[in-house]
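# Remarks on the overall topology
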Protein chains: 2
Amino acid sequence: MASPRITVIGGGVGNARFLLGLRAHAATLPEPPDLTAVVNVGDDMWLAGLRITPDLDTVMYALAGVNDVERGWGRAGDTERVSAELAAWGVGWPWFTLGDLDVGAHVTRTSLLRDGLPLSAVVERMTARWPLGVRLLPSTDHEVETYVRTSQGDLHFQEWWTRHRAAVSAEGFDFRGAQDATPAPGVLDAIESADVVILAPSNPIVSLDPVLAIPGIRAALERASAPVVGVSPIIGGAVVRGMADQCLTAVGVETSALAVARYLGARSNGGILDAWLVDEVDAASVSALRDAGIRAEAVPLWLRDEESSAAVARAALTLVAR
Amino acid sequence: MASPRITVIGGGVGNARFLLGLRAHAATLPEPPDLTAVVNVGDDMWLAGLRITPDLDTVMYALAGVNDVERGWGRAGDTERVSAELAAWGVGWPWFTLGDLDVGAHVTRTSLLRDGLPLSAVVERMTARWPLGVRLLPSTDHEVETYVRTSQGDLHFQEWWTRHRAAVSAEGFDFRGAQDATPAPGVLDAIESADVVILAPSNPIVSLDPVLAIPGIRAALERASAPVVGVSPIIGGAVVRGMADQCLTAVGVETSALAVARYLGARSNGGILDAWLVDEVDAASVSALRDAGIRAEAVPLWLRDEESSAAVARAALTLVAR
């Protein structure tokens, strides 16, 4: 009999932390499931002629155990010698630092892309370097980049977030290229043939929505035979990290676990959620969620380490196994 | 009155050492000349999606004073962190090491090329970082790469030289793309309006010939009003550095200062040389050179340091000023 399949959809840091826990939990199961992560490409960009894929890299580095845990992004022990050269020549964005080991990944990726490989094949080849325990799939092989509508004009997500630290008020988000994109090979199958689909605790607006904007992915979630369970990225009315609050505000959604679940919607009512895991501090929202047709439970949701992340993964699987 | 103009044609290391001396000598003249170097691009290549220009970099780094003097190539104090990543992913050539600072140059160059700038504009922008005192021009904006015909098939010059250390016998050289190339902007003018043209002590077969193979450049040398003086890269029947002996043998030319001058030929007889500077140990060839219509003189020709290089530059200028 084939192993059970678990498919996770998400972005960068929150997704990576969740996957570390899921992988640890999966290893304890009598029948270890195959794990697949469908990762957002909306943060991707061309910079200094290099194709940068922040979310895929964050997840790959974390699962490989080579990520910088202190800093929260990039490779551990990285240096910035190449970046300094680019800055001296005025190439690239001075506010977007590339570590040297990172540049190694970007040059490798760009080289393979220029050779004609689709991103999914590049990811397959690059992730083969380490025994990740999770198959990584980009949401699409097409270039779909998130732009932020602001009073200062449209900004690439990276410029809005990394350069301006989201201090320029966002009025909306466009996933440029999404309407002409198709899911990367394996993505629809990973959703349709999964035993469980999990939405990682990622920013719903700029990590999940750009995945859902790829034609076919939302429909696959709607018709999937597997239950779809999400982990709230909002705890006690505040973001765990990042700028989901500004993003949610921009699209008129309250920064709360309940509001995000309602935004994603119950599958029984045209949405994509069967279940939603909230933090203990949001226990009061559980009954409202159930009223909205979404199974819910309140558990400790802070992903402090592998153990706490594994407990969250276990709780998510338990919630939809009942 | 305009400053006198000196134009040097050459390749990498020998050219760079000569230019350092020429620049030093020029600074001592009552009327400092404008210096232009037309640099070989035959060693250039695409590697890991990056455009590498070894001769231009060698000259730029040397004139900028940031070259690795000990090692003889690359940047001083460079590291190889990016290269190690590429090797781990199996991208690039494991035998062709890229320093990290070097990668900064390659990423910058490639980015500007991908933006649509011709190589000459990229070189102009990148060299503006330092007060080089010499204007660098690539021989052409086209991609002209040297391939070596061997019993093992055609090898890119870098593969033949850097990987095989010229141990695979060369049967000939092709400058792929040369026939469809045109001189980079400024190259013909630098030759035609020069007061003196100097052939640097570079490999005649793989540094000078790929420049001369660009249609229009040899003709410009033939008709230039300025005298053309060459500095022999061969001293006492041996190469100073590199593999000119194997290259010369492959095209049936003896490894001697005299034979190389005859290979380049006297301008009075369809060649490109008015004068040829040889080392003291080759003094016996001076009369044969004069018989061949080439002014000649024997002087110490080892470019050990800036002072000895300046003396060679002075001797070259003196030889054609008489």
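Thresholds, definitions, all that
- Residues numbered from 1 in each chain as written.
- Chains lettered and ligands numbered in written order.
- Predicted model: local features only at pLDDT ≥ 70, side-chain atom pairs only at ≥ 80, totals over all residues.
- Heavy atoms only, no water.
- Contact = heavy atoms within 4.5 Å.
- Buried area = accessible area lost by both parts, 1.4 Å probe.
- Salt bridge = Lys/Arg side-chain N within 4 Å of Asp/Glu carboxyl O.
- Polar contact = N/O pair within 3.5 Å; in protein donor to acceptor, adjacent residues only side chain to side chain.
- Helix = DSSP H or I, 4+ residues; strand = E, 2+ residues; numbered from the N terminus.
- Nonpolar A, V, L, I, M, F, W, Y, C, P; charged D, E, K, R; others polar.
- Pairing = 2+ DSSP bridges.
- Axes fitted to C-alpha atoms, helices over the stretch in contact; angles between N-to-C directions.

- Under an unreviewed UniProt entry, chain A has the name LPPG:FO 2-phospho-L-lactate transferase and belongs to Antiquaquibacter oligotrophicus.

## Re the interface of chain A and chain B
- Taken together, the contact between chain A and chain B spans 30 residues of the former and 30 residues of the latter.
- For the pair chain A and chain B, the summed buried area comes to about 2,500 Å², and 61% of that belongs to carbon and sulfur atoms.
- Contact with chain B buries area across many residues of chain A, yet Arg81, Trp89 and Arg129 of chain A alone supply 30% of it, more than any other trio.
- In this structure, the salt-bridge partner of Glu85 of chain A is Arg75 of chain B, at a minimum N-O distance of 2.9 Å.
- Viewed at the interface, chain B and chain A are joined by 16 residue pairs in polar contact (both at pLDDT 80 or more).
- Per-element tally for the side of chain A that touches chain B: the top contributor is helix H4 (residues 100-114) of chain A, with ten residues.
- Of the residues assigned to the side of chain A that touches chain B, the class counts are 15 nonpolar, seven polar and eight charged.

## Thoughts on the sheet that holds strand E7 (residues 153-156) of chain B
Residues and elements named next belong to chain B.
- The antiparallel open sheet is built from three strands, whose spatial order is E7-E6-E8. Both outer strands of the open sheet, E7 and strand E8 (170-176), are each paired with one neighbouring strand and no more. Looking at each pair of strands side by side, their axes are set apart by 30° on average, direction ignored.
- Note: strand E6 (residues 145-150) against E7, four bridges, orientation antiparallel. Bridging from a neighbouring strand, Val148 pairs with Leu155 of E7.
- Against the sheet, helix H8 (residues 204-212) engages E6 and E8, with an angle of about 25° to E8.

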